[in-house]
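Per-entry structural report
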Amino acid sequence: MNQILFTGGNKKEKGGPLQLKTIGIIFAVAILLFGLVIGGIALFNMNGGGEGEQQERIPVLELSQNGASITLNITHDSAIDKIIYNWNDGEETVLQGRGRNVIEEVISATTGTNMLNIRIVDIFGKEATYSEEITVESTDTEKPQIELSIEDSKIKISAKDETELAYLEFHWNDEDETVIEPSEDSLNVIEETIDILKGENVLKITAVDKAGNKEEKEQKYKGSTKPTIQIVKEGNSVKISVTHEQNIQKIEYTINGVLYTTDPENTGASLGVSEFSYSFPLATGENEIMVRAYNTDNVYNEVSQKITY
C-alpha cells in the first residue's frame, strides 16, 4: 500500500508541470496566429484590397497625336462623369462621360506649342488631372500677298492669304504701327484705304498669316492735294477756273462731247502757274461740261456739270 501511495504521489508531482507547459504552448500558438491574421489584414489593405482598392483608383489617360488631332483614351473601373479640358489655361470645354468607363475622344490642337490641361471626374467625384505640352508643326509655308493701288489721293492696301491671316500692319516713315486683324466673315483678306501724306513719304506694310509666314512691302509715295475746279455761268458763257497750291500741269475740257486740252501736243510741259481760267460761249439748250485738272505730281481732280442756256 505504501508503494501505491508513493507511486500515486509521484503521479501527482509529475501532473502539475505537464499542464502548465501545455497551456503555455497553446497560448504561444494563439498569439502567433493572431499576429499572422493582423499582419495579413494590414498587408491586404496596403495592396489596396477590397473596397479600399476601389476608392483609391483614379481614371487613367493615354494621349496620342496625329498632326493637329489629339486622341484621349481613358479607362477606369468606375463610370466617367465628365472630361474637362482647356488650352493654356483658357476657356474650358466639357465632354460628357455618359456612364462609360472606356472612352475615346478626339480634340483639335492649333499650330505651335500649347499646354493641354485635362481633368477627368468619375461618378463618385474621384478626379484625375493631367497636363501635356502639345506641338503642332504647320504645313503652311506660303507667304501672304500684298497689293497696293492708288484711288485718287488715297492708297488701297490689300493683304490676302490662302488659309488665314493673323494681322496686317502698316506705318508711314518711322511713325507708330497701325495693326488690323481680319474680320470673322473674311479671315483670309484684309483691306484698308489710307490717305497719301503730302510730300515724299515711305509706306511700310507687313502681313502675317496664322502659321507665322510673313510678307513685307515698302513703297515710296509723293503726296499732294488735288487742283480746285470751279464752273460758273456768266450770261451766255461759262467761266472755268482752276487753282492749286503749287503748280498746274495741264487742264482738259470736254464741252458737248468735244475735247480741248492745254497740252495738245502732249509734251508734258507744265503750265507753270497756280491759277488758270478759261471762258467759252454756251450753245442753245443743254450744255454738258467736264473739266479735269492735273497738278505736277499727276494727281487730278474732275468735275462735271450741265448748264442750260
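We now turn to the structure provided with this report.

1. Brief notes about the sheet that holds strand S19 (residues 275–281)
Note: strands within a sheet are paired through backbone hydrogen bonds, in either parallel or antiparallel orientation. The antiparallel open sheet is built from 3 strands, whose spatial order is S15-S16-S19. Bordering the open sheet on either side are strand S15 (228–234) and S19, each of which pairs with just one other strand. With strand direction ignored, the average angle separating the axes of adjacent strands in the sheet is 15 degrees. Relative to S19, strand S16 (residues 237–243) runs antiparallel, the two being bridged by 7 bridges. Each residue of the ladder has a partner; that of Val242, found in S19, is Phe276.

2. Focus on the sheet that holds strand S14 (residues 214–223)
If you walk across this open sheet you meet the 4 strands as S11-S10-S13-S14, and the pairing is antiparallel. Edge positions in the sheet fall to strand S11 (178–180) and S14, since each has one partner strand and no second. With strand direction ignored, the average angle separating the axes of adjacent strands in the sheet is 20 degrees. In this structure, strand S13 (residues 199–209) lies alongside S14, joined through 10 bridges in antiparallel fashion. Among the inter-strand pairings, Lys204 is bridged to a residue of S14, identified as Glu218.

3. Brief notes about the pattern of salt bridges
On inspection of all chains with the given rule, the structure shows 10 salt bridges. Among the salt bridges present, the one from Glu105 reaches Arg100, with a minimum N-O distance of 3.5 Å. Its salt-bridge partner being Glu252, residue Lys250 comes within 3.4 Å of it at the nearest N-O pair. The two residues Lys250 and Glu252 agree in class, both being buried.

4. Some remarks on the side chain of Lys250
Its place among the elements puts Lys250 in strand S17 (residues 248–255). For Lys250, a relative accessible area of 19% corresponds to the buried category. A distance of 3.4 Å separates the side chain of Lys250 from the side chain of Glu252, its partner in a polar contact. Here Lys250 is in contact with Thr261, Thr262, Asp263, Asn266, Leu271, Arg292, Ala293 and Tyr294, once residues within four sequence places are set aside.

5. Quick notes on the packing of aromatic side chains
Across all of its chains, the model carries 4 aromatic pairs by this definition. Residues Tyr278 and Phe280 carry aromatic rings whose centres are separated by 6.3 Å and whose planes lie at 25 degrees to one another, so their mutual orientation is stacked. Among the residues examined, Tyr278 registers a relative accessible area of 34% and is labelled partly exposed. Under the relative-accessibility criterion, Phe280 is labelled buried at 5%. Between Tyr294 and Tyr300, the aromatic rings sit 5.4 Å apart at their centres with planes inclined by 50 degrees, giving tilted as the arrangement. Of the residues examined, Tyr300 reaches a relative accessible area of 32% and is grouped as partly exposed. Site record: aromatic cluster; members linked through ring pairs are Tyr253, Tyr278 and Phe280. A cation over an aromatic ring shows up here: Lys250 above the ring of Tyr294, its NZ or CZ 5.2 Å from the ring centre. Of note, Arg292 hangs over the ring of Tyr300, and the distance from its end group to the ring centre comes to 4.5 Å.

6. A look at the side chain of Asn213
Tracing the sequence through the fold places Asn213 in the loop between S13 and S14. A residue is classified by how much of its surface remains accessible, and Asn213, at 14% relative accessible area, is buried. Among residues more than four places away in sequence, those in contact with Asn213 are Asp140, Thr141, Glu142, Lys143, Pro144, Ala207 and Val208.

7. Describing unusual backbone geometry
At Asn88, a residue that is not glycine, the phi angle is positive and equals roughly 55 degrees. Since its relative accessible area comes to 43%, Asn88 is described here as partly exposed. Positive phi values are uncommon outside glycine, yet Asn256 reaches one of about 50 degrees. Note on placement: Asn256 falls in the loop between S17 and strand S18 (258–261). Relative accessible area serves as the criterion here: at 40%, Asn256 is assigned to the partly exposed category.

8. Notes on a negative patch on the surface
On the surface, Asp174, Glu175, Asp176 and Glu177 cluster together to form a negatively charged patch. Mapped onto the elements of the fold, Glu175 is located in the loop between strand S10 (165–172) and S11.

About the cut-offs
- Residues numbered from 1 in each chain as written.
- Predicted model: local features only at pLDDT ≥ 70, side-chain atom pairs only at ≥ 80, totals over all residues.
- Heavy atoms only, no water.
- Pairing = 2+ DSSP bridges.
- Helix = DSSP H or I, 4+ residues; strand = E, 2+ residues; numbered from the N terminus.
- Axes fitted to C-alpha atoms, helices over the stretch in contact; angles between N-to-C directions.
- Salt bridge = Lys/Arg side-chain N within 4 Å of Asp/Glu carboxyl O.
- Buried < 20%, exposed > 50% of the residue type's maximum accessible area, 1.4 Å probe, protein only.
- Polar contact = N/O pair within 3.5 Å; in protein donor to acceptor, adjacent residues only side chain to side chain.
- Contact = heavy atoms within 4.5 Å.
- Phe/Tyr/Trp six-rings, centres within 6.5 Å; stacked < 30°, edge-to-face > 60°.
- Lys NZ or Arg CZ within 6 Å of the ring centre and 35° of its normal.
- Patch = residues over 30% accessible without salt bridge, like charges linked within 9 Å, V, L, I, M, F, W, Y side chains within 5 Å.
- Areas by Shrake-Rupley, 256 points an atom, 1.4 Å probe, with all protein chains shown as cover.
- Lys, Arg positive; Asp, Glu negative; His and termini not counted.
- Charge placed at Lys NZ, Arg CZ, Asp CG, Glu CD.

That is the geometry; function is a separate question.
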